[in-house]
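Survey of secondary and tertiary structure
Now for the letters of each chain:
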Amino acid sequence: MLFASASAMAKTPVTEGNNNGGQVDTKTEIDGYILHHLQDAHDFTLFSYTNDNGERKHFGFPLPVILWTSKGLVTFMSSEFHHNDDGHVIVEKNGLKFAKIHSKIYELDGAATAVAFDEEHHATNAHKVLDLSITKSVLGVLLVGLLMLFVFSRLGKQYKNKQIPTGFGRVLEPLVIYVRDEIVRPNIGEKHYRKFTGYLLTVFFFIWILNLLGLTPLGFNVTGQLAVTACLAIFTLIIYSVSGNKDYWMHIFWMPGVPILIRPVLAVIELASALIIKPFSLLVRLFANISAGHIVVMSLIAIMYNLRESFGVVGSTSLAILLSFFITLIEVLVAFLQAYIFTMLSALFIGMAVAEHDHDHEHDAEGHEIADTEDVRSDFI
Amino acid sequence: MDKLLNDFSPGLFVVQTVLLLLLIFLMVKFAWKPILNSLNEREEGIQGALDAAENAKKEMANLQADNQKLLQEARLERETMLKEARELKSKMIADAEAEAQSQANKMIAQAQEAIASEKKAAMAELKSHVAGLSLDIAEKVVRQELSNKDKQLELVESMLGEAKLN
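Residues numbered from 1 in each chain as written. Chains lettered and ligands numbered in written order. Predicted model: local features only at pLDDT ≥ 70, side-chain atom pairs only at ≥ 80, totals over all residues.

Observations concerning the overall build of chain A
Put simply, the rule is: We count a stretch as a helix when DSSP gives it H or I for four or more residues in a row; a strand needs E for two or more, and each element gets its number in order from the N terminus. Partly exposed residues are those whose C-beta has more than 12 but fewer than 20 other C-beta atoms within 10 Å; with 20 or more the residue is buried, with 12 or fewer it is exposed, and the C-beta atoms are placed from the backbone. Here contacts are defined at the residue level, using C-beta atoms placed from the backbone and a cut-off of 7 Å between them.
Each helix and strand counted, chain A has 10 helices and 9 strands in total. Every one of the 381 residues in chain A was classed for burial, and the buried ones make up 33%. Considering only intrachain contacts with a sequence separation of at least 6, the fraction spanning at least 24 residues in chain A is 55%.

This is the structure in structure tokens:
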């Protein structure tokens with residue numbers, strides 16, 4: 001189902017705009033709609049409808065657009081694009097002209113007054129600008145950040161007066177303890193875990209809450225944005241690279257215990273693994289899982305329209321509701337699972353970087369090394 | 001891949017980096033630090049309390065063992081004391097008996113001695129008395145002999161009766 005809809009998306013050129021009043025009916029329109037949802041948006045739209053006069057009405061609110069252009073900072077509200085997403089509405093600010101094409105804002109070159117497209121639907125006379133807008137995703141990040149800060153600082157304050165938190169804190173405390181005792185401590189080790197706990201706890205709750213927020217009808221897709229997952233993965237990369245000890249770098253550049261000739265080859269592989277593969281796996285896993293979840297849920301909802309002719313309105317609608325209900329349940333699990341996996345792997349990578357390989361082991365009667373638990377752990381990671 | 005790269009928004013990346021840094025900083029300062037410190041403190045407190053309880057239990061057991069020992073000792077001591085007292089009692093009784101016996105023996109011996117000496121004295125007196133009587137009798141007999149033989153015999157008879165009464 002996922003692959004089918006994904007490949008269908010890849011093949012069909014997205015044509016939006018002048019259909020029957022903006023209604024989403026055909027397969028192409030559905031693919032386009034799903035694709036549009038997966039992207040970041042410059043305004044917050046809860047739902048849209050077409051009124052009796054054939055006008056498209058959007059229910060929601062605009063968000064500020066902040067651009068770093070060739071002439072410096074430019075700001076305006078996204079409502080100035082009038083929900084246009086194919087580059088036909090040109091906004092003029094500070095003598096510069098801007099158009100929005102597929103959720104990306106372009107600055108028109110020179111004296112051009114309209115966006116010209118080539119046959120692959122790429123703008124030829126406009127270029128992208130650094131878009132620092134408060135987009136829907138940024139709004140989501142801000143909301144979740146404030147929520148986390150509010151809820152957890154309240155929990156933190158509770159401990160000043162009492163030993164055991166009351167109210168909602170009683171729910172949060174086991175979660176914090178769970179992350180600390182099941183994810184951070186076993187993967188990093190008793191000695192070093194304390195200073196990484198803050199980052200890992202933040203990341204865990206950040207991803208989890210955003211994943212769950214993505215399942216609400218608000219339509220956030222923050223953890224399905226490559227930029228967000230890339231940022232998270234790069235944070236982990238920086239943390240384990242900076243805190244990696246001598247042994248860790250030694251094992252990357254000059255692996256002990258293997259023939260000298262193989263060492264440079266291993267160094268290349270290890271370096272690629274540490275600097276590229278690990279963060280890439282982190283960012284792609286989260287991005288792909290959350291995007292896939294959104295695509296599947298929306299595709300299943302789309303059964304309502306796609307199979308209307310075969311099953312009738314009642315049949316297709318109930319099928320869509322049934323299937324999307326169960327997939328949404330699974331997505332609730334995936335929301336937690338992906339937060340857990342991201343945090344767990346981050347902890348694991350940090351644990352590998354700070355693991356202490358003590359080279360003077362205890363030896364038994366035959367001179368074999370007796371492995372202690374720390375060694376067994378470091379062998380595993 | 002091209003599509004993915006096209007979707008990648010550098011602006012969002014920058015904003016997310018700044019926000020995440022800020023969030024981590026604020027969360028660590030206002031939430032995680034107090035929470036984790038309190039949790040640690042609480043866990044240490046619980047561990048301490050458990051250890052203290054364990055120690056108290058051990059001390060209690062020690063105390064009980066001590067008590068038991070003391071009790072045992074006291075019991076032993078009581079028994080020895082009782083035993084001693086019993087011995088003392090029987091010894092005292094035996095001593096008293098022995099002394100009483102010796103006293104009684106002594107008294108008996110004295111009494112016997114006294115009796116013996118009295119008897120001797122009485123015998124001596126009797127002897128002298130008998131001798132006197134015998135002399136008197138002999139004198140009277142001799143006198144009577146001289147007058148009447150019958151009378152003499154009667155006299156001896158009465159004399160003897162008198163002597164018996166004495």
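From this point, the narrative continues.
So, the interface of chain B and chain A
Stated precisely, the cut-off is as follows: Classification convention: Asp, Glu, Lys, Arg as charged; Ala, Val, Leu, Ile, Met, Phe, Trp, Tyr, Cys, Pro as nonpolar; all other residues, Gly among them, as polar.
Contacts between the two partners involve 28 residues from chain B and, on the opposite side, 35 residues from chain A. Elements represented by at least two residues in the side of chain B that touches chain A include exactly helix H1 (2–7) and helix H2 (10–147) of chain B. Tallying contributions element by element places H2(B) first for the side of chain B that touches chain A, with 24 residues. Taken together, the residues of the side of chain B that touches chain A sort by class into 21 nonpolar, 5 polar and 2 charged.

Observations concerning the confidence of the model for chain A
All names here are of chain A. Rules: In predicted models, pLDDT denotes the confidence assigned by the predictor to each residue on a 0 to 100 scale.
Predicted confidence across chain A gives a mean pLDDT of 82, with 87% of residues reaching 70 or more. Taken as a whole, residues 1–19 scores under 50 in pLDDT and shows 23 contacts with residues more than four places along the chain or in a different chain. For residues 360–370, every residue scores under 50 in pLDDT, and the model assigns this stretch 7 contacts once sequence neighbours within four places are set aside.

Details of the nonpolar core
Convention followed: For the purposes of this analysis, a nonpolar core is taken to be any set of buried Ala, Val, Leu, Ile, Met, Phe, Trp, Tyr and Cys residues that are connected through C-beta atoms within 7 Å.
With 59 residues, the main nonpolar core has A:Val184, A:Leu200, A:Val203, A:Phe204, A:Phe206 and A:Ile207 as its most contacted residues. When contributions to this core are tallied by element, the ones reaching two or more residues are helix H3 (136–161), helix H4 (169–188), helix H5 (193–215), helix H6 (226–243), helix H8 (262–306) and helix H9 (308–354) of chain A together with H2 of chain B. Per element, the largest residue contribution to this core is 13 residues, and it comes from H5(A).

Topic: the environment of A:Val129
Residue and element names in this part refer to chain A. Tracing the chain through its elements places Val-129 in the loop between strand E8 (126–128) and strand E9 (130–131). Residue classification places Val-129 among the partly exposed positions, given that 19 C-beta atoms sit within 10 Å. For Val-129, the residues in contact, after removing those within four places along its chain, are Leu-67, Trp-68, Thr-69, Ile-105 and Glu-107.

Considering the pairing of strand E3 (residues 64–69) of chain A
Residue and element names in this part refer to chain A. This is how it is decided: Whether two strands pair depends on DSSP finding at least two bridges between them.
With 6 bridges joining them, E3 and strand E4 (residues 72–77) adopt antiparallel strand pairing. Note that in E4 the partner of Trp-68 across the bridge is Leu-73. Where E3 folds back on E4, the antiparallel hairpin that results is connected by 2 residues. Pairing geometry for E3 and E9, over 2 bridges, is antiparallel. Across the sheet, residue Trp-68 finds its bridge partner in E9, namely Leu-130.

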